Amino acid sequence: MKVEIDPHSGFCFGVRRAIATLEARLDRGEDVYCVGDIVHNGREIDRLRAKGLRVIEAKDLDSLHDANVLFRAHGEPPSSYDTVSRNGLTLTDATCPVVLRLQTRIREADARMTASGGQVVVFGKKGHAEVIGLMGQIKGRGILVENEGQVDLVDHTAPVELFAQTTKNPADYARIAQVIRASSSAEVTVHQTICQQMASRAERMGDFARSHSPVIFVGGAKSSNSKVLFDICSQINPKCHFVTSEEEVRPEWLVGAEGPVGIIGATSTPLWLMERVKERLESVING
Ligand code: SF4
């Protein structure tokens, strides 16, 4: 029975770019501090830590001086840039250009909404690094909506400009937008801000998930895009199993399997990790 890795899986361009930037610095022997995990994949973080990466929390930035700091693809709020200049830190900004563009669009919408008495609404996950960076652009004036149950946080009598965190599920965003529109007596502008790398990954994953059985989804426990893509994948093929590493593969998943067995990764899953999962599956199949 063959085991195949989805050819469209692996790092998105934003994560690839951030990790390449980081590794270029580490390979020069520099110590680099990154605020938060550069990618939501524990195994990849372990690999980069072994090369000299130092992961710190946002609050640790305040006490850091004369050091190299890298901002990851998720982006940062303006307060982090203020701290960098106040503390004389050397910044490598690896914020994904897609996220930077979204931050700009939210600031511009905030100026329009402030002038017209309206609201900027963001569909996202509270506490997620990208969302902290987005909400920080408008100094807490925006309204964060995490699910349909929270749409009443929005004033339905005032205009709305609606945005989504880049890694949200497109179908969930469409539903939130529809509910806000249906409840509102004022103008609602819906901005399409889900990253195309994510959206096209979700689309392309469909054929692969349908033509493989079982499907092993390799992702990070803390990764939003892993959760979104795994949910979509499980709806297409119920014989879909989530693992964070090769050690979590269970031989019973292969009992009675029709094959070929498929491996899919999130936009934060390194190819080397999917290859290890492939080797593990092949060793189970071949005894
Ligand atoms: S998912 Fe899209 S927005 Fe997020 S880092 Fe990757 S390319 Fe950038």
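Preceding block: the structure.
This structure is a prediction, so every number in the text was calculated from the model and none was measured. Residue positions are given per chain, counting from 1 as you read along its sequence in written order. Predicted model: local features are reported for residues with pLDDT of at least 70 only, side-chain atom pairs are reported and counted for 80 or more only, and whole-chain, interface and lining totals are derived from all residues.

Observations regarding the sheet that holds strand S7 (residues 143-145)
Turning to step 1, where the next piece is worked out: The pairing criterion for strands is at least two bridges between them, as found by DSSP. By definition, any uninterrupted DSSP run of H or I lasting at least four residues is a helix, any uninterrupted run of E lasting at least two residues is a strand, and each is numbered from the N terminus. A sheet is described by the order of its strands in space; here four strands give the open sequence S7-S6-S8-S9, paired in parallel fashion. Every interior strand has two partners, whereas the edge strands, S7 and strand S9 (188-190), have only one. The mean angle between the axes of side-by-side strands here comes to 25°, regardless of whether they run parallel or antiparallel.
Turning to step 2, where the next piece is worked out: Bridge analysis of strand S8 (residues 160-164) against S9 gives three bridges, and the strand direction is parallel. Residue Glu161 lies in a different strand from S9, and its bridge partner there is Thr189.
Turning to step 3, where the next piece is worked out: Throughout, a residue-residue contact means that the two C-beta atoms, derived from backbone geometry, are no farther apart than 7 Å. Inter-axis angles, ranging from 0 to 180 degrees, are taken between N-to-C directions of lines fitted to C-alpha atoms, where helices are fitted over the stretch in contact. Running over the sheet, helix H6 (residues 170-183) touches strand S6 (119-123), S7, S8 and S9 and is turned about 170° from S8.

A short note on unusual backbone geometry
Excluding glycine, residues mostly have negative phi values, and the peptide bonds linking residues are mostly trans.
Turning to step 1, where the next piece is worked out: Ser213 connects to Pro214 through a cis peptide bond whose omega is -5°.
Turning to step 2, where the next piece is worked out: The phi dihedral of Asp66 is positive, around 45°, even though this residue is not glycine.
Turning to step 3, where the next piece is worked out: Tracing the backbone through its elements, the reader meets Asp66 in the loop between strand S3 (53-56) and strand S4 (68-71).
Turning to step 4, where the next piece is worked out: Using a count of 8 C-beta atoms within 10 Å as the deciding quantity, one classes Asp66 as exposed. Every C-beta atom is placed from the backbone, and the number of other C-beta atoms within 10 Å of a residue's own sets its class: buried at 20 or more, exposed at 12 or fewer, partly exposed in between.

Things to note about the sheet that holds strand S2 (residues 32-35)
Turning to step 1, where the next piece is worked out: Spatial strand order, S3-S2-S4-S5: four strands in an open sheet with parallel pairing. Looking at the sheet topology across the chains shown, the edges are occupied by S3 and strand S5 (90-93). Averaged over all adjacent pairs, the angle separating strand axes in this sheet is 30°, with direction ignored.
Turning to step 2, where the next piece is worked out: Direction of pairing for S2 relative to S3: parallel, over a ladder of four bridges. The residue bridging Val35 from the neighbouring strand is Ile56, located in S3.
Turning to step 3, where the next piece is worked out: Together, S2, S3, S4 and S5 form the strand contacts of helix H1 (residues 13-27), whose direction differs from that of S2 by roughly 155°.

Focus on the nonpolar core
Turning to step 1, where the next piece is worked out: Leu22, Val122 and Cys233 are the most contacted members of the largest nonpolar core, which totals 69 residues.
Turning to step 2, where the next piece is worked out: Those residues in contact with Leu22, other than ones at most four positions away along the chain, are Val32, Cys34, Ile38, Leu48, Leu53, Leu70 and Ala94. Defined on buried residues, the nonpolar core groups Ala, Val, Leu, Ile, Met, Phe, Trp, Tyr and Cys residues joined through C-beta atoms within 7 Å.

Some remarks on the site of the ligand
Turning to step 1, where the next piece is worked out: Any residue whose C-beta atom, as set from the backbone, lies within 6 Å of a molecule or strand is reported as near that molecule or strand. Cys12, Gly14, Cys96, Val98 and Cys195 are the nearest of the 14 residues found near the ligand.
Turning to step 2, where the next piece is worked out: Elements with a contribution of two residues or more to the shell around the ligand: H1, helix H4 (97-116) and helix H7 (196-210).
Turning to step 3, where the next piece is worked out: Looking at which element gives the most residues to the shell around the ligand, the answer is H1, with three residues.
Turning to step 4, where the next piece is worked out: The nonpolar class holds Ala, Val, Leu, Ile, Met, Phe, Trp, Tyr, Cys and Pro. Asp, Glu, Lys and Arg form the charged class, and all remaining residues, Gly among them, are polar. Of the residues belonging to the shell around the ligand, the class tally is nine nonpolar, five polar and no charged.

Brief notes about the pairing of strand S12 (residues 261-265)
Turning to step 1, where the next piece is worked out: Among the five residues of S12, five are classified as buried, and the element is accordingly described as predominantly covered.
Turning to step 2, where the next piece is worked out: Here S12 shows two buried faces, one formed by Val261, Ile263 and Gly265 and the other by Gly262 and Ile264.
Turning to step 3, where the next piece is worked out: In the sheet, strand S1 (residues 3-5) pairs with S12 via three bridges, with the strands oriented parallel. Paired with Ile5 across the bridge in S12 is Ile263.

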